[in-house]
Amino acid sequence: MTDIKRYTMSKDEIVQIAKWAHENKYGSIMLQSGELLNEQRLNFLCDVIRTIRSETIDMDHALGRAPQPISGRQGLGVALSVGELPITHYRALMNAGAHRYLLRIESSNPELYARLHPNDELHSWQTRYRCIKTLQHLGFQLGTGVMIGLPTQTTADQARDLLWFKKENVDMIGMGPYVYEENTPVGKMWLEEIQNQGITKDQYKINVFERTTRMIALARILMGDINIAATTALQAIRPDGREVALRRGANILMPILTPTETREHYQLYEGKPCLDETATQCRSCLKLRVTTAGKEIAWGEWGDPVHFWNTHSSSSSSQ
């Protein structure tokens, strides 16, 4: 893509959104951005995290809210997805108050990963893997995941992905379908592949939806106590996609809180939903979707993966 408009929200904008989320009984917030490996960005993120934690803890004290179960913490939980960073940056972000980190492995197959990325030192499966292990070592709740339907991806790749999640003892998985975006290298590979297979875009969407939700179901069977996201991309290819995912094993929804005027600049794929909705509208939609799926929202809870606490409890008792 060549017509990308890059943006950075201000500290005040982010903190106000976080406080709105806390007032409206969201348990945690995910801060997401591209990679910027400099001290200025690190200091900005640490400042934002500390302010969110401090001001929402003060809100809890003023309202007399009880601490979180298990962890005993208060305030809004802060999760991050800001890419591959050195260990010193990860440690600083944790010390500032972040507790959960999402870094997708994209594929457990290094060869497939390499086919999807430029061939340079900035795009290495081994570097991505080392970052994931570093995050675990530091004590972050680790979220990772893969895309389903990538060009040249096989069912054997998907099976290995599931086994890799189990072996690496991850706490949260996000698996979404690959959704076409024009004028991108992977998009061109994907178009060529479905044309060679003689299938239409609509046929692909039906197929990849089933593959993705089956992966969710298998992950739930294989790792019963982890968090599994019902990703927004599922809704992009089927209107009730996230509800189906909740019924098939997912237990996490991540509503968009980015200001409406900014969302159009964060379109990762064709047909991304909820671009014109306000945060309040997204909250109402969230309640409806969860109720429709026969589930109940755990308002005000951080949503920590049970797997994380089970793993750490086992590690502590064995020492």
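Whatever comes next refers back to the structure up there.
Residues numbered from 1 in each chain as written. Predicted model: local features only at pLDDT ≥ 70, side-chain atom pairs only at ≥ 80, totals over all residues. Heavy atoms only, no water.

Caption draft 1: Representation of the packing of aromatic side chains in the model. This model, assessed by the stated rule, comprises 11 aromatic pairs. Over the ring of Trp 299 we find Arg 283; its NZ or CZ atom is 4.1 Å from the centre of that ring. (Phe/Tyr/Trp six-rings, centres within 6.5 Å; stacked < 30°, edge-to-face > 60°. Lys NZ or Arg CZ within 6 Å of the ring centre and 35° of its normal.)

Caption draft 2: Expanded view of the pattern of salt bridges. Under the criterion given, the structure shown has 13 salt bridges. A salt bridge links Glu 55 to Lys 19; the nearest nitrogen and oxygen atoms lie 3.1 Å apart. Separated by 36 residues along the polypeptide, Glu 55 in helix α2 (residues 39–63) and Lys 19 in helix α1 (residues 11–23) bring together distant segments of the chain. Among the ionic pairs, Arg 238 bridges to Asp 240, the shortest N-O distance being 2.6 Å. Residues participating in the shared-partner salt-bridge network are Arg 73, Arg 100 and Asp 304. (Salt bridge = Lys/Arg side-chain N within 4 Å of Asp/Glu carboxyl O. Helix = DSSP H or I, 4+ residues; strand = E, 2+ residues; numbered from the N terminus.)

Caption draft 3: Representation of the environment of Pro 151 within the structure. Along the chain, Pro 151 turns up in the loop between β4 (141–148) and α6 (155–168). Separated by 138 residues in the primary sequence, Pro 151 and Arg 289 have C-alpha atoms spaced 31 Å apart. In contact with Pro 151, not counting residues within four places along its chain, are Leu 112, Leu 116, Val 186, Met 189, Trp 190 and Glu 193. (Contact = heavy atoms within 4.5 Å.)

Caption draft 4: Layout of the pairing of β4. Most of β4 is tucked away: 7 of the 8 residues are buried. Remark: the β4/α6/strand β5 (residues 172–177) crossover connection has right-handed handedness. (Buried < 20%, exposed > 50% of the residue type's maximum accessible area, 1.4 Å probe, protein only. Right-handed = clockwise from strand over helix to strand, strands pointing away.)

Caption draft 5: Spotlight on the pairing of β5. For β5, a buried count of 6 out of 6 residues is recorded, marking the element as mostly surrounded by other parts of the structure. Of the strand pairs in this sheet, β4 and β5 are connected by 6 bridges, and their pairing is parallel. Opposite Gly 145, over in β5, you have Gly 174 as the bridge partner. Sheet analysis places β5 next to strand β6 (residues 227–229), joined by 3 bridges and oriented parallel. Each bridged residue has a counterpart across the sheet, and for Ile 173 the counterpart in β6 is Ile 228. (Pairing = 2+ DSSP bridges.)

Caption draft 6: Representation of the packing of α1 against α2 within the structure. Running from N to C, α1 and α2 point in directions that differ by 30 degrees, and their axes come no closer than 10 Å. For the element pair α1 and α2, the recorded crossing hand is right-handed. Residues Lys 11, Ile 14, Val 15, Ala 18, Lys 19, His 22 and Glu 23 of α1 pack against Phe 44, Asp 47, Val 48, Thr 51, Ile 52, Glu 55, Thr 56, Met 59 and Asp 60 of α2. Class assignment for the residues of the contact of α1 with α2 results in 7 nonpolar, 3 polar and 6 charged. (Axes fitted to C-alpha atoms, helices over the stretch in contact; angles between N-to-C directions. Left-handed = near helix turned anticlockwise from the far one by under 90°. Nonpolar A, V, L, I, M, F, W, Y, C, P; charged D, E, K, R; others polar.)

Caption draft 7: Structural detail: α6. Taking 1.5 Å of rise per residue, the 14 residues of α6 would be expected to cover 20 Å, and the 20 Å separating its terminal C-alpha atoms lies within 8% of that figure. Buried within α6 are the following residues: Asp 157, Gln 158, Asp 161, Leu 162, Trp 164, Phe 165 and Glu 168. The arc enclosing the buried residues of α6, seen along the axis, measures out at 160 degrees, which places them on a common side. In α6, the exposed residues that point more than 90 degrees away from the buried face are Thr 155, Leu 163 and Lys 167. Turning to α6, the residues buried within the fold contact α4 (110–115), α5 (125–138), β4, β5 and α8 (201–222). (Expected span 1.5 Å × (residues − 1). Arc of directions from axis to C-beta.)

Caption draft 8: How the structure looks around α2. With 25 residues, α2 extends 36 Å between its outermost C-alpha atoms, agreeing within 8% with the 36 Å of an ideal straight helix rising 1.5 Å per residue. Residues Arg 41, Leu 42, Leu 45, Cys 46, Val 48, Ile 49, Thr 51, Ile 52, Arg 53, Thr 56, Met 59 and Asp 60 constitute the buried set of α2. Packing partners of the buried residues in α2 comprise α1, β1 (28–32), β2 (77–81) and α3 (87–96). Backbone nitrogen of Gln 40 and a side-chain oxygen of the N-cap are separated by 3.2 Å at the start of α2; the cap is Asn 38. Downstream of α2 by one or two residues, Gly 64 has phi in the positive range, about 70 degrees. (Polar contact = N/O pair within 3.5 Å; in protein donor to acceptor, adjacent residues only side chain to side chain.)

Fair warning: the whole summary comes from geometry, so function is off the table for now.
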